[in-house]
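Survey of secondary and tertiary structure
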Amino acid sequence: MEIKTLTRAEEEVMLILWRLKKGFVKDILAEMPEPKPAYNTVSTIVRILERKGVVHYNAYGKSHEYYPLITRAQYKRSEMKQLISTYFDNSLPQLVSFFVKDEPLDEKELDEIMEIMAKGKE
């Protein structure tokens, strides 16, 4: 399943839904920082997320309780794959090189990376 990139506002709503697991628009709005957007704005964002296939709902009369259809890890993985594809020619070494060029890794960080890589091969 291809996951579409979300706008900043859509990501903000998804972060709340991932944390809450499910919620009505009023629940999402209650978790948003000040200044809070209008109820209708959040409602519109949730409907866009539904059209993008990342959110669905249970209907209770005219009320809708929304829940995520994808996990935060699935979205993160999709976005990272897109980033590596777009900016680093699908090359993980190019990505790592980009980040360590200006800030070299110390021995402890290198050990941590090697440990992560060893676990990934298991």
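Structural data are supplied above this passage.
Heads up: these notes are all about the structure in this document.

Here the focus is the pattern of salt bridges. As enumerated under the stated definition, the model contains 4 salt bridges in all. Notably, a salt bridge pairs Lys52 with Glu10, separated by 2.7 Å at the nearest N-O pair. Taken together, the residues Lys52 in the loop between helix H3 (39-51) and strand E1 (55-60) and Glu10 in helix H1 (residues 8-20) connect sequence positions 42 residues apart. Residue Lys52 is classed as partly exposed on the basis of its relative accessible area of 22%. Taking the shortest distance from any N to any O, the salt bridge between Lys26 and Asp27 comes out at 3.3 Å. A relative accessible area of 52% places Lys26 in the exposed class.

A few words now on the layout of surface pockets. Considering only enclosed or pocket space, the largest pocket measures out at about 420 Å³ in volume. Surrounding the largest pocket, 13 residues form its lining, Leu92, Leu95, Val96, Ile113 and Met117 being those nearest its centre. At the level of secondary structure, the elements contributing two or more residues to the lining of the largest pocket comprise helix H5 (92-102) and helix H6 (107-121). Here the lining of the largest pocket takes 6 residues from H5, the largest share from any one element. By residue class, the composition of the lining of the largest pocket is 10 nonpolar, no polar and 3 charged. Put simply, the second largest pocket is a space of about 170 Å³. What lines the second largest pocket is Glu11, Leu15, Trp18, Arg72, Tyr75, Lys76, Glu79 and Met80. For the lining of the second largest pocket, the secondary-structure elements that each account for two or more residues are H1 and helix H4 (72-88). The greatest single-element share of the lining of the second largest pocket, amounting to 5 residues, is contributed by H4.

Basis of the calculations
Residues numbered from 1 in each chain as written. Predicted model: local features only at pLDDT ≥ 70, side-chain atom pairs only at ≥ 80, totals over all residues. Heavy atoms only, no water. Salt bridge = Lys/Arg side-chain N within 4 Å of Asp/Glu carboxyl O. Helix = DSSP H or I, 4+ residues; strand = E, 2+ residues; numbered from the N terminus. Buried < 20%, exposed > 50% of the residue type's maximum accessible area, 1.4 Å probe, protein only. 1 Å grid on protein atoms, 1.4 Å probe; cavity = no way out; pocket = protein on both sides within 12 Å on 5 of 7 lines; lining within 4 Å. Points joined across faces, edges and corners; volume = space filled by probe spheres on them. Nonpolar A, V, L, I, M, F, W, Y, C, P; charged D, E, K, R; others polar.

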